Amino acid sequence: MDFQLSETEKAFQQKAEQFVLSAMPPGYTDRCLYWPGAYGAILEFEERDPAIDRFRERMGEEGWLTMAWPKELGGGGHSFIEQAIFAERLSYHRAPGTDISTLIAAPTIMRFGSEEQKKEWIPRIIKGNLRFWLAYSEPNAGSDLAAIQTTAVEDGDDLIVNGQKIWSSGAHIADYAWMVARTDMKVPSHKGTTLFIVDNKTPGITIRPLINIVGFHSFNEVFFDNVRVPKKNIVGEKNLGFLYLMVALDYERLAIAIGGFRRQFDELVKYVKGTTRNGEPLSANPSVRRKLADLAIDIEVAYNFFFKTAWMMDNNQMPNIEASVLKLFATQLSRKLASVGTEILGIYGQLEHDSKYAPMRGQYSVGYLDSISAVIGAGTSEIQRNIIAQRGLGLPRK
Amino acid sequence: MDFKFTAEEEAFRQEVKDWLKANIPPRWFELTTGYWQETDESWKIARAFQKKLGVKGWLAPAYPREYGGADLGHIKRLILAEELTYHNAPVGVETEITVNWVGMALQHFGNEQQKKDYVSRVAKGDIVFCLGYSEPNAGSDLASLQTRATEKGDEYIINGQKIWCSYAHYADYCWLAAVTDPDVPKHRNMSMFVVDMKTPGITVRPLINILGCHSFNEVFFDDVRIPKENLVGEKNNGWFQLAVALDFERSGVQTAAGNQLLLDFLVGYAKSTKRNGRFLSEDPALRNELAEMAIEIEVARMLCYRIAWIYKTGGHSNYESSMAMLFGSELLRRMTDVGMRVLGKYGQLMNGSKWAIGQAEIARSYLASLSIGVGGGTNEIQKNIIAMRGLGLPRK
Amino acid sequence: MDLGLTEEQEMLKKSAQEFLAKECPKKLVRELDESDTGYSRDLWNKMAQLGWMGLSFPEKYGGNGGSFLDLTVLLDEMGYNIVPGPFFSTVVLAGYTLLEAGNEEQKKEYLGKICTGELIITVALTELDGTYDAASINTTAKAKGDGYVLNGTKLFVPDANVADYILVVARTKKSANPDDGITIFIVDAKSAGVKYTLLKTLARDKLCEVILENVRVPKAHIIGNLDKGWSVIQSLLKKAAVAKCAEMVGGAQASLDMAVNYAKERVQFNRPIGSFQAIQHYCANMVTDVDGSRFITYKAAWAVSEGLPADKEVSIAKAWTSEAFKRVAVLAHQIFGAIGFTMDHDMHLYFRRAKAGELAYGDADFHRDIVARQIGL
Ligand SMILES: Cc1cc2nc3c(=O)[nH]c(=O)nc-3n(C[C@H](O)[C@H](O)[C@H](O)COP(=O)(O)OP(=O)(O)OC[C@H]3O[C@@H](n4cnc5c(N)ncnc54)[C@H](O)[C@@H]3O)c2cc1C
Ligand SMILES: Cc1cc2nc3c(=O)[nH]c(=O)nc-3n(C[C@H](O)[C@H](O)[C@H](O)COP(=O)(O)OP(=O)(O)OC[C@H]3O[C@@H](n4cnc5c(N)ncnc54)[C@H](O)[C@@H]3O)c2cc1C
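As the structure is a prediction and not an experimental result, all values here were calculated from the model. (Residues numbered from 1 in each chain as written. Chains lettered and ligands numbered in written order. Predicted model: local features only at pLDDT ≥ 70, side-chain atom pairs only at ≥ 80, totals over all residues. Heavy atoms only, no water.)

Enquirer: An account of the side chain of Lys355(C) is needed here, citing residue identities and associated values.
Expert: Within the secondary structure layout, Lys355(C) lies in helix α10 (residues 347-359). In this structure the side chain of Lys355(C) is engaged in a polar contact, spanning 2.9 Å, whose partner is the side chain of Thr342(A). (Helix = DSSP H or I, 4+ residues; strand = E, 2+ residues; numbered from the N terminus. Polar contact = N/O pair within 3.5 Å; in protein donor to acceptor, adjacent residues only side chain to side chain.)

Listed below in structure tokens is the structure:
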């Protein structure tokens, strides 16, 4: 075992940092209200920002998006640890990182897609300017994804899609839906669901905004009314969509913006050091010190879970419950960081981000609200615990 | 609303306090006996004390006077229970079982003869029952019990095994749940019996608990013949009796009072102990934690008082009892955890060690706090009850 | 011991429930949250007609002669329905300050008009430090001619945006003991030099920055004794803390009720989610928190009502309830899943107020510190 970064890894870390700092749109770090682990205040979901598109393209051009892919697929052949190091630096500076295209679409297509699909999609994803949204959840299918009712019926060379998706983050700024729907209603859904890609511009799609509790337009309801999708957009085999989706869910859970925790924490510490209350430095307050120390420990634990998953992949092990453990721990920490952080800020903790007295641009009050989404999106905490207990520890279902 | 006790109740509290100070033998306190830590010597002292309490009518204060009780109202019972615990009096789980479970059930379901035979003796402290509920494969799921009682002539013949039977090695009788009709579904197949522990065929084997003490046992029944009249209530109606017995008023105020005792000990210790030149009581982190414990004790106490008050006003406590038990037992775990931090490295020392703090009550409570409810149910079962019975959440 | 409400209190509770369900629907709450005033004159007048403002004030000032406990019952219901507006500042903060420290004339004038609903009054206490300590009071009041001149910045002042008067807590004397030298002034909110700005808060509860710049106040506008205002504030803070607890208990109860109802209805995996043990145990934890906070809150309110020294009870209630409401609200959110994360859903209205309630009149750490002293540490 060796918990240190090697000299090469350290050098790489520096290179990554330099890239992020030079390529990020100026001022973005301080404009962004993104809360680590959460889904509701991600600027990218709200509006399509050309500067960010440009940043992504640069990541694409310089190979950062695909750094850990095999060389023969156009990747950089870096280790997963190195990719994790990069992701940590990215998120530390609140830069947009991996998204659905690189995290879910590309690996799934590479693994299960046809040769044509690989040719069609992978180069565009590598370039960094293709945006997907996830069309999984429906009003009656949240934790229980198998309950989806949206249908895709074959008609000649097309699928005709009817139904409704919900909680669709960024659907309004994305180019394509990464979607599941029922293609065979007569069999149980895990045998009758198909995964396919839908162009957002196809007629029959209506996107209606939903405003989240932070006040952002991050997610939507999306209605499909006889939407025609070419069959060639089916990913992998028809009716096996559920399998692909389950595999991809683990990828999603691995994408924790780990550096964001440390960033938020560092800023809190800085604030505490620079603030006095009743003539006493806040940093001298024993309760504040204890709370900060406690958070520092938890963040260290989260980092270890995070790097462990990367290490596993470098050693040809696929993180499975480890993905759930990471997701569960990090998102609970997301809540705790916001909750304890606002406690430390005291009465100022309730000021919203556009208030002139709000400490640290009101990020912690945003976090107070946004962290509610952390423990729900991408599989609730309860579902993660079920997975850890049943898949991980072998506890029986009945 | 009125959160204070009446002058008469306060006077009663004082009477109890005075009486306890005068009547708990000093030797008892030297023996460092707490829950589940009885020895032969402590048992003897406790039994003698319980008889004294019985004479006062305070062992079974809820019983009518004709059965040797004091017919005390709900609030005075609460006060009595609080003071008994707070003074660390020699009444423990055996009294809870004998008086509150068995004696109450006998008053409810026993026939006249049974009441005459047992109830007054229970109230006077003459006899002790042990509880024969749990089996190796029937714990929380008591309905799965398998011990059989087969009718034969004038007798029932009992075969099977019970487990975790606290004080079976001292008890005079066992309050036994056994299957009397294996052919009908659970919940309608069992009956309750009084079994004399001296009956041939009963083997009691000690189990040593986590504190290193012998408090509970395995009890084996091998063709144990008991007279038919020892069946209590109707045959095959045992499950109903069990369920009702669960609902007899138990405020659970003992846990609140026990927690208070520990907290007062810790506060005293923190105020009188210096570490690194500073009193522990000046350590902001410990102050914060101890204050939190004081707050939670207040919550615990109110949840217990509520039960007494519900009964006092003619109501019936349901999920409220589960809530009080749950909160109190979880609080005990938090309390001993805080206690361990207050004592620092000394916290791990057990009684008998010359450096142990006090009589190592924190360390002993730390271990004892793990013991889950006797018959009442584990914390998870309490939560199930609160959710389903209290809030009406669906089972399926 | 009597843990029940009186018949009158039960009636008050019931009528408040019915009235608020009808007159203060969530639609109105949302509108008022978004508005700059944060209250509805119409609702205010109706509440005044019901006698709510004067519920707990003596009859000779136009009140109903009820007790602080009666007010607690009402605030519990108001918290359940998260009624927006300056009721709390006017009745609890200003009303009780006037009742305790005002002279007859002031009581007749101001308290009387509070009872009728004619006046909205608030208290400007906290400053930049944002704490509830005497040492944090730096706003000055300097004697000049027949009056005083006030200067300073008050922060987190509730409802100053709509107040007719502001009770300003100011320093009239510097002394080694920070408790000494604090005086309360009643200031016409329209006086020259009074400037307010709304703060944007999580609970959208119309907390304000109030800047006082050479504000002239006549001597007769001192409430209570010169330099001795802090003891009045200390006594007020106790009442305010309990009153806030009462609102929080109501809010926690509402959160629990909403979540339990949803858990019974929402089906996933072909069964109501309320049948999953994870959810059941959350609900068990929630109801324990709700019941626990209700008891200690009412106990503290009772002690205040009886005029007992209630320091310990009050701090126990505020420390515990502040955290309990947050725990309940977070678990309720957890049970709602994504739908609770939408602006259109009501849950966040409570979650936001849980934070505001925690911070008002001393957070849990602040009150645990008091409890520590009370248990002899
Ligand atoms: C901010 C945000 C962004 C999102 N973005 C997207 C997106 O882009 N695309 C998309 O498809 N979806 C998205 N989602 C939806 C998300 O995946 C679902 O919210 C999630 O799967 C939970 O479903 P639900 O909200 O319907 O809650 P439900 O499934 O109804 O759950 C309600 C409660 O019941 C519990 N529960 C359910 N089943 C069990 C069980 N078996 N055992 C124990 N407890 C259980 C849950 O844990 C939860 O506490 C997003 C959600 C949020 C909050
Ligand atoms: C110190 C001590 C003294 C005792 N004295 C006596 C006595 O005198 N007489 C007597 O008859 N018994 C006695 N008991 C036994 C006691 O009643 C049982 O331990 C108790 O009912 C739990 O049963 P179990 O130990 O078999 O645990 P199990 O029932 O096997 O439970 C194991 C775990 O599973 C959990 N669990 C079980 N069912 C559920 C469910 N439906 N939902 C969620 N979680 C569940 C439990 O909460 C627990 O965490 C004593 C126990 C102790 C510890």
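Enquirer: Would you mind going over the site of ligand 2 in detail, with residue names and values included?
Expert: Inspection of the region around ligand 2 gives 20 residues, with Ser140(B), Trp164(B), Ser166(B), Thr378(B) and Glu380(B) positioned closest. Two or more chains meet at ligand 2, and those chains are chains B and C. Within the contact set of ligand 2, an oxygen atom lies 2.6 Å away from a side-chain nitrogen or oxygen of Ser140(B). One nitrogen or oxygen atom from the side chain of Glu380(B) is found 2.6 Å from an oxygen atom belonging to ligand 2. (Near = heavy atom within 4 Å.)

Enquirer: Can you tell me about the domain arrangement of chain A, naming the residues and giving the values?
Expert: Residue and element names in this part refer to chain A. Here the domain parsing of chain A yields domain 1 (7-131), domain 2 (133-240) and domain 3 (248-392). Look at where the C-alpha atoms of domain 2 and domain 3 centre, and you get two points 31 Å apart. Contacts between the two partners involve five residues from domain 2, matched on the other side by nine residues from domain 3. When the two sides are added together, the surface that domain 2 and domain 3 hide from each other amounts to roughly 570 Å², 74% of it contributed by carbon and sulfur. Summed over the shared surface of domain 2 and domain 3, the number is zero salt bridges. For the pair domain 2 and domain 3, the number of links is zero residue pairs in polar contact (both at pLDDT 80 or more). Tallied by class, residues from the side of domain 2 that touches domain 3 come to four nonpolar, one polar and no charged. (Domains from an automatic or database assignment. Contact = heavy atoms within 4.5 Å. Buried area = accessible area lost by both parts, 1.4 Å probe. Salt bridge = Lys/Arg side-chain N within 4 Å of Asp/Glu carboxyl O. Nonpolar A, V, L, I, M, F, W, Y, C, P; charged D, E, K, R; others polar.)

Enquirer: Residue-level account of the interface of chain C and chain A, with values.
Expert: In this assembly, 47 residues from chain C lie in contact with 47 residues from chain A. Buried area between chain C and chain A, summed over both chains or domains, comes out near 3900 Å², and the portion from carbon and sulfur atoms is 60%. Looking only at chain C, the three residues that lose the most surface to chain A are Lys200(C), Leu202(C) and Phe341(C), adding up to 20% of its buried area. In this assembly, chain C and chain A are joined by five salt bridges. Across the pair Glu352(A) and Arg352(C) runs a salt bridge, and its minimum N-O distance is 3.4 Å. On inspection of chain C and its partner chain A, the count reaches 28 residue pairs in polar contact (both at pLDDT 80 or more).

Enquirer: Describe in detail empty space enclosed by the protein, supporting the description with residues and values.
Expert: Residue and element names in this part refer to chain C. One pass over the structure, following the stated rule, counts six cavities of 30 Å³ or more. Phe88, Pro158, Asp205, Lys244 and Glu247 are the residues nearest the centre of the largest cavity, which is lined by 47 residues in total. Counting residues per element, the ones that place at least two in the lining of the largest cavity are α3 (41-49), α4 (68-80), α5 (87-101), β3 (147-158), α7 (229-265) and α10. Per-element tally for the lining of the largest cavity: the top contributor is α7, with seven residues. Taken together, the residues of the lining of the largest cavity break down into 30 nonpolar, nine polar and eight charged. (1 Å grid on protein atoms, 1.4 Å probe; cavity = no way out; pocket = protein on both sides within 12 Å on 5 of 7 lines; lining within 4 Å. Points joined across faces, edges and corners; volume = space filled by probe spheres on them.)

Enquirer: Outline the nonpolar core, listing residues and values.
Expert: Counting residues in each nonpolar core, the largest one holds 357 residues, and the members touching the most others are Trp175(B) and Phe87(C). At 19 residues, the largest contribution of residues to this core is made by α7(C). Not counting the four nearest positions on each side in its chain, Phe87(C) is found in contact with Trp44(C), Met47(C), Trp52(C), Met53(C), Leu71(C), Leu74(C), Leu75(C), Met78(C) and Val92(C). Listed in part, the 31 residues of the second largest apolar core include Trp69(A), Ile122(A), Trp178(A) and Ile197(A). (Core = buried A, V, L, I, M, F, W, Y, C linked by side-chain atoms within 4.5 Å. Buried < 20%, exposed > 50% of the residue type's maximum accessible area, 1.4 Å probe, protein only.)

Enquirer: Which residues make up the site of ligand 1, and what are the values?
Expert: With respect to spatial proximity, 29 residues lie near ligand 1, and among them Ser143(A), Thr380(A), Glu382(A), Arg266(C) and Gln334(C) are the closest. Among the chains of the assembly, those with residues near ligand 1 are chains A and C. For ligand 1, a nitrogen atom lies 2.8 Å from a polar atom in the side chain of Ser169(A). At a separation of 3.1 Å, a nitrogen atom of ligand 1 approaches a polar side-chain atom of Asn386(A). Coverage of ligand 1 by the protein amounts to 94% of the 970 Å² it exposes when considered alone. Where the shell around ligand 1 is concerned, the elements lending two or more residues are α13 (381-392) of chain A together with α9 (311-336) of chain C. Considering every element that reaches the shell around ligand 1, the biggest residue donor is α13(A), with three residues. Split into classes, the residues belonging to the shell around ligand 1 amount to 15 nonpolar, twelve polar and two charged. (Areas by Shrake-Rupley, 256 points an atom, 1.4 Å probe, with all protein chains shown as cover.)

Enquirer: With reference to specific residues and values, describe the pairing of strand β1 (residues 132-135) of chain A.
Expert: All names here are of chain A. Of the two faces of β1, both are covered, the one formed by Phe132 and Leu134 as well as the one formed by Trp133 and Ala135. Relative to strand β4 (residues 176-182), β1 runs parallel, the two being bridged by four bridges. By the bridge assignment, Leu134 is partnered in β4 with Trp178. (Pairing = 2+ DSSP bridges.)

Enquirer: Quick one: what's the story with the packing of helix α11 (residues 321-345) of chain A against α10(C), residue by residue and with numbers?
Expert: The contact between α11(A) and α10(C) brings their axes to 11 Å, and the two run at 35 degrees. Note on packing geometry: the crossing formed by α11(A) with α10(C) is right-handed. Facing α11(A), whose interface residues are Arg335(A), Ser339(A), Thr342(A) and Glu343(A), α10(C) presents Phe351(C), Lys355(C) and Glu358(C). Taken together, the residues of the contact of α11(A) with α10(C) break down into one nonpolar, two polar and four charged. (Axes fitted to C-alpha atoms, helices over the stretch in contact; angles between N-to-C directions. Left-handed = near helix turned anticlockwise from the far one by under 90°.)

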